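Coordinate inspection notes
This is what each chain is made of:
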Amino acid sequence: MKSSPVPRSRDIERQAGYLQPEHCAPPPPRLRPPGEMWFVRDGCGVACGLITWLLVLYAEFVVVFVMLLPARSVAYSLVNGALFNTLAFLALASHFRAMCTDPGAVPKGNATKEFIESLQLKPGQVVYKCPKCCSIKPERAHHCSVCKRCIRKMDHHCPWVNNCVGENNQKYFVLFTMYIALISFHALFMAALHFVFCFEEDWSKCSTFSPPSTVILLILLCFEGLLFLIFTAVMFGTQVHSICTDETGIEQLKKEEKTWVKKSRWMNMKMVFGHPFSIAWLSPFTTPDHGKADAYQYVV
Ligand SMILES: [Zn+2]
Ligand SMILES: [Zn+2]
């Protein structure tokens, strides 16, 4: 039972009638059939997502064709090529999963009279209704004006992945920032070695491209790498911190009072990345089992 002060922007009442369910007609909206991919139709987000892919592909091109193929040592090229391409593939796969996974959208327009009555609210029990998408808002959900939906545990809307970062896709977003930071660092490291190699050798031998083109391509890669390394490393740190403290970006901004159950840092990590701890934490292809981590919480 909650008696904390309620934000004015939220419609709150105890009985179905006060929530004005008639304003939500005609319900119900079209539900997404199971298996249909989640995709936010936002022009700016699609452009930013496309730019992200093009920048990673540009880095791939410079690393492979400007630096690794002309390198003297085959072993150096093979090891670094395999490492860079694997990390870049994981970064793009994480990006795809972050973009095309439902971040935790609350069913739209479910604030109908029938639904509110079916909740069988007890006197004093509080429910929130989102006036924008006519949904019954669970605790810690926020409305996103880009996705036009209420999102569970919404952290922020990221145009670079053209999606909200919420309860269901935070793992992929964190992995995306981590892999981008890693490939940026790796590319900068290889570029530094390549500059040394080119200064020692004749510039015409250190690349299949002309010396001015090589220098321009490498400088652009260094600029891109440095920018992305700083940006994604800071984002990764912020995300891990907010997961450990179990406080989303929005909750930190609004300085919302913590009304939910406090858990250990390790348990909070498991809630996002899955239980138990395994190599699957690093894979964008495995879906974390939030329910399992939840059940485990009560077993212990
Ligand atoms: Zn909403
Ligand atoms: Zn959003």
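Owing to the predicted nature of the structure, the values given are computational and were not obtained by experimental measurement. (Residues numbered from 1 in each chain as written. Chains lettered and ligands numbered in written order. Predicted model: local features only at pLDDT ≥ 70, side-chain atom pairs only at ≥ 80, totals over all residues.)

The general pattern is negative phi for most residues beyond glycine and trans for most peptide bonds. The omega angle of the peptide bond from His275 to Pro276 is -5 degrees, so this bond is cis rather than trans. Of note, Pro276 is situated in the loop between helix H7 (265-273) and helix H8 (290-299). Non-glycine residue Cys134 carries a positive phi angle of around 55 degrees. Mapped onto the elements of the fold, Cys134 is located in the loop between strand E2 (127-130) and strand E3 (135-137). Classification of Cys134 by C-beta neighbours within 10 Å gives buried; the count is 23. Positive phi values are uncommon outside glycine, yet Asn162 reaches one of about 50 degrees. With respect to the helices and strands, the residue Asn162 is situated in the loop between strand E6 (156-158) and strand E7 (163-165). By the C-beta count within 10 Å, which is 26 here, Asn162 ends up buried. (Helix = DSSP H or I, 4+ residues; strand = E, 2+ residues; numbered from the N terminus. Buried ≥ 20, exposed ≤ 12 C-beta atoms within 10 Å, placed from the backbone.)

So, on to the environment of Trp281. Residue position: Trp281 is located in the loop between H7 and H8. Using a count of 17 C-beta atoms within 10 Å as the deciding quantity, one classes Trp281 as partly exposed. In the structure, Trp281 is positioned 109 residues away from Tyr172 in sequence and 9.6 Å away in space, judged by C-alpha atoms. If we skip the residues at most four places from it in the chain, Trp281 touches Phe273 and Gly274. (Contact = placed C-beta atoms within 7 Å.)

Of the two faces of E2, the one carrying Val127 and Lys129 and the one carrying Tyr128 and Cys130 are both buried. Strand direction decides the pairing type here: E2 and E3, joined by three bridges, are antiparallel. Note that in E3 the partner of Cys130 across the bridge is Ser135. The loop that links E2 with its antiparallel partner E3 comprises four residues; one of these, Cys134, has a positive phi angle of about 55 degrees. (Pairing = 2+ DSSP bridges.)

Before going further, it helps to examine the UniProt feature "transmembrane region" (unreviewed entry) in the chain. In the UniProt entry, the feature "transmembrane region" (unreviewed entry) is given for residues 46-68, 74-93, 172-195 and 215-236. Secondary structure content for residues 46-68 is 100% helix and 0% strand, and the end C-alpha separation is 32 Å. Structurally, residues 172-195 comprises 100% helix and 0% strand, and the distance from its first C-alpha atom to its last is 34 Å. (UniProt positions renumbered as here; feature names shortened; annotations may be inferred.)

With that out of the way, let us pick up the nonpolar core. Formed by 56 residues in total, the largest nonpolar core has its most connected members in Ala91, Phe176, Tyr179 and Ile183. Looking at this core, the elements with two or more residues in it are helix H1 (43-68), helix H2 (74-100), E2, strand E4 (141-144), strand E5 (149-152), E7, helix H4 (170-200) and helix H5 (211-244). Top element by residues in this core is H4. It accounts for 14 residues. When near neighbours in sequence (up to four residues on either side) are disregarded, Tyr179 contacts Leu87, Leu90, Ala91 and Ser94. In terms of nonpolar packing, the next biggest core, distinct from the first, is built from five residues, Ile243, Met269, Met271 and Phe273 among them. (Core = buried A, V, L, I, M, F, W, Y, C linked by C-beta atoms within 7 Å.)

Turning our eyes to something else, we now look at the packing of H1 against H2. Where H1 meets H2, the axes come as close as 11 Å, and the angle between the chain directions of the two elements is 175 degrees. In terms of axis orientation, H1 runs roughly antiparallel to H2. Each of Gly49, Thr52, Trp53, Val56, Glu60, Val63, Val64 and Leu68 in H1 lies in contact with H2, whose residues at this interface are Ser77, Asn80, Gly81, Phe84, Ala88, Ala91, Leu92, His95 and Met99. Tallied by class, residues from the contact of H1 with H2 come to ten nonpolar, six polar and one charged. (Axes fitted to C-alpha atoms, helices over the stretch in contact; angles between N-to-C directions. Parallel < 35°, antiparallel > 145°, perpendicular 65-115°, else oblique. Nonpolar A, V, L, I, M, F, W, Y, C, P; charged D, E, K, R; others polar.)

Attention now goes to the environment of Phe61. Mapped onto the elements, Phe61 comes out in helix H1. Measuring from C-alpha to C-alpha, the distance between Phe61 and Leu221 comes to 10.0 Å, with 160 residues separating the pair along the chain.

Right, let's get into H2. Along an α-helix, residues three or four apart share an orientation, since each turn contains 3.6 residues. With 27 residues, H2 extends 38 Å between its outermost C-alpha atoms, agreeing within 8% with the 39 Å of an ideal straight helix rising 1.5 Å per residue. When H2 is considered as a whole, its buried residues turn out to be Asn80, Phe84, Leu87, Ala88, Leu90, Ala91, Leu92, Ser94, His95, Arg97, Ala98 and Met99. Here the buried face of H2 lies against H1, E7 and H4. (Expected span 1.5 Å × (residues − 1).)

Another aspect to go through is H7. When H7 is considered as a whole, its buried residues turn out to be Met269, Lys270, Met271, Val272 and Phe273. Immediately beyond the C-terminal end of H7, within one or two residues, lies Gly274, with a positive phi of roughly 105 degrees.

On to the pairing of E5, then. Taking every second residue as pointing to the same face, both faces of E5 are buried, with Arg149 and Ile151 on one and Cys150 and Arg152 on the other. Here four bridges tie E4 to E5, and the two strands are oriented antiparallel to one another. Its bridge partner lying in E5, His143 is registered against Cys150. Between the end of E4 and the start of E5, which pair antiparallel, lie four residues, with Lys148 showing a positive phi angle near 55 degrees.

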